[in-house]
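Residue strings, one per chain:
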Amino acid sequence: GDSVTQMEGPVTLSEEAFLTINCTYTATGYPSLFWYVQYPGEGLQLLLKATKADDKGSNKGFEATYRKETTSFHLEKGSVQVSDSAVYFCALTNSNYQLIWGAGTKLIIKP
Amino acid sequence: EAGVTQFPSHSVIEKGQTVTLRCDPISGHDNLYWYRRVMGKEIKFLLHFVKESKQDESGMPNNRFLAERTGGTYSTLKVQPAELEDSGVYFCASSHRTFSGNTIYFGEGSWLTVV
């Protein structure tokens, strides 16, 4: 079945560091890909998405490119801030419109 | 515009008791979804309503879980009787249309602890 694998956390970085959170997927067909973020004490928020190969999703300085050849959707940000500390989830929608989720990566940014 | 709202935000119940979670989707959203994350594991799909009809309930774990969406507006998820392994966070989400690239909007979750 469809699945999403993302790097385990926690990931701890200093402010202004470069961030990469790896995400790879296994899916039949052509899924849409998402990154959701959950800040402490809050619900899940859509961070960015890409619906077809080579699309780049971007928001709040974060970017991810839909790479069909490597079945990846890695999340990147050039300079992280303390306020980026959160749990990040990679997900895809399958043919039944269900979201299939990765395990989540906790990001801790130290000042 | 109000987002997806869930109630209660936190609930602590004893094993064997009943809990009912409520979700109010964004107004005008026909699609309503329930997901849950238990014991730090992956978030898992539970079910999907289109208006008042259950489009897909393949993720419901067993018959202790009952979801309803009377009138196609708010939805309830009842757990009866609750077991320890039901502890986790239950997310509700809604969307305007059903297609794979659609944006799904989530509530803040209902945190359930069964003791």
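In what follows, the structure referred to is the one given above.
Considerations on the overall build of chain B
Line of reasoning, step 1. The helix and strand inventory of chain B stands at zero helices and 11 strands.
Line of reasoning, step 2. Taking the principal axes of its C-alpha atoms as reference, chain B extends roughly 40 × 25 × 25 Å.
Line of reasoning, step 3. Per-residue burial over chain B gives 50% buried out of 115 residues.
Line of reasoning, step 4. Per element, the accessible surface of chain B, about 5700 Å² overall, is 48% carbon and sulfur.
Line of reasoning, step 5. For chain B, the distance from the average position of its 12 positive side-chain charges to the average position of its 13 negative side-chain charges is 2 Å.

What about the nonpolar core?
Line of reasoning, step 1. In terms of nonpolar packing, the biggest core is built from 27 residues, with Trp35(A), Leu47(A), Leu48(A), Phe73(A), Leu75(A) and Tyr88(A) touching the most fellow members.
Line of reasoning, step 2. Those elements that place two or more of their residues in this core are β2 (11-14), β3 (19-21), β4 (23-26), β5 (33-38), β6 (44-50), β8 (62-65), β10 (86-93) and β12 (105-110) of chain A.
Line of reasoning, step 3. Counting residues per element, this core draws most heavily on β10(A), at four residues.
Line of reasoning, step 4. In this structure Tyr88(A) touches Gln6(A), Ile21(A), Trp35(A), Tyr36(A), Val37(A), Leu47(A), Phe62(A), Leu75(A), Gly104(A), Thr105(A) and Leu107(A), once residues within four positions along its chain are discounted.
Line of reasoning, step 5. Counting residues in each nonpolar core, the second largest holds 21 residues, with Cys23(B), Leu47(B), Cys92(B) and Val114(B) among its members.

Observations concerning unusual backbone geometry
Phi is mostly negative for residues that are not glycine, and the peptide bonds are mostly trans.
Line of reasoning, step 1. With an omega dihedral of -5°, the bond running from Phe7(B) to Pro8(B) counts as a cis peptide bond.
Line of reasoning, step 2. Take Pro8(B): it is sitting in the loop between β1 (5-7) and β2 (10-13).
Line of reasoning, step 3. Geometrically, the link from Gln80(B) to Pro81(B) is a cis peptide bond, its omega value of -10° lying close to zero.
Line of reasoning, step 4. With respect to the helices and strands, Pro81(B) occurs in the loop between β8 (75-79) and β9 (88-95).
Line of reasoning, step 5. Although it is not a glycine, Glu16(A) sits at a positive phi angle of roughly 75°.
Line of reasoning, step 6. Tracing the sequence through the fold places Glu16(A) in the loop between β2 and β3.
Line of reasoning, step 7. Overall, the relative accessible area of 60% leaves Glu16(A) in the exposed class.
Line of reasoning, step 8. Phi is positive for Lys60(A), close to 55°, though the residue is something other than glycine.
Line of reasoning, step 9. Position of Lys60(A) relative to the elements: it lies in the loop between β7 (56-59) and β8.

Criteria and thresholds
Residues numbered from 1 in each chain as written. Chains lettered and ligands numbered in written order. Predicted model: local features only at pLDDT ≥ 70, side-chain atom pairs only at ≥ 80, totals over all residues. Heavy atoms only, no water. Helix = DSSP H or I, 4+ residues; strand = E, 2+ residues; numbered from the N terminus. Buried < 20%, exposed > 50% of the residue type's maximum accessible area, 1.4 Å probe, protein only. Areas by Shrake-Rupley, 256 points an atom, 1.4 Å probe, with all protein chains shown as cover. Lys, Arg positive; Asp, Glu negative; His and termini not counted. Charge placed at Lys NZ, Arg CZ, Asp CG, Glu CD. Core = buried A, V, L, I, M, F, W, Y, C linked by side-chain atoms within 4.5 Å. Contact = heavy atoms within 4.5 Å.

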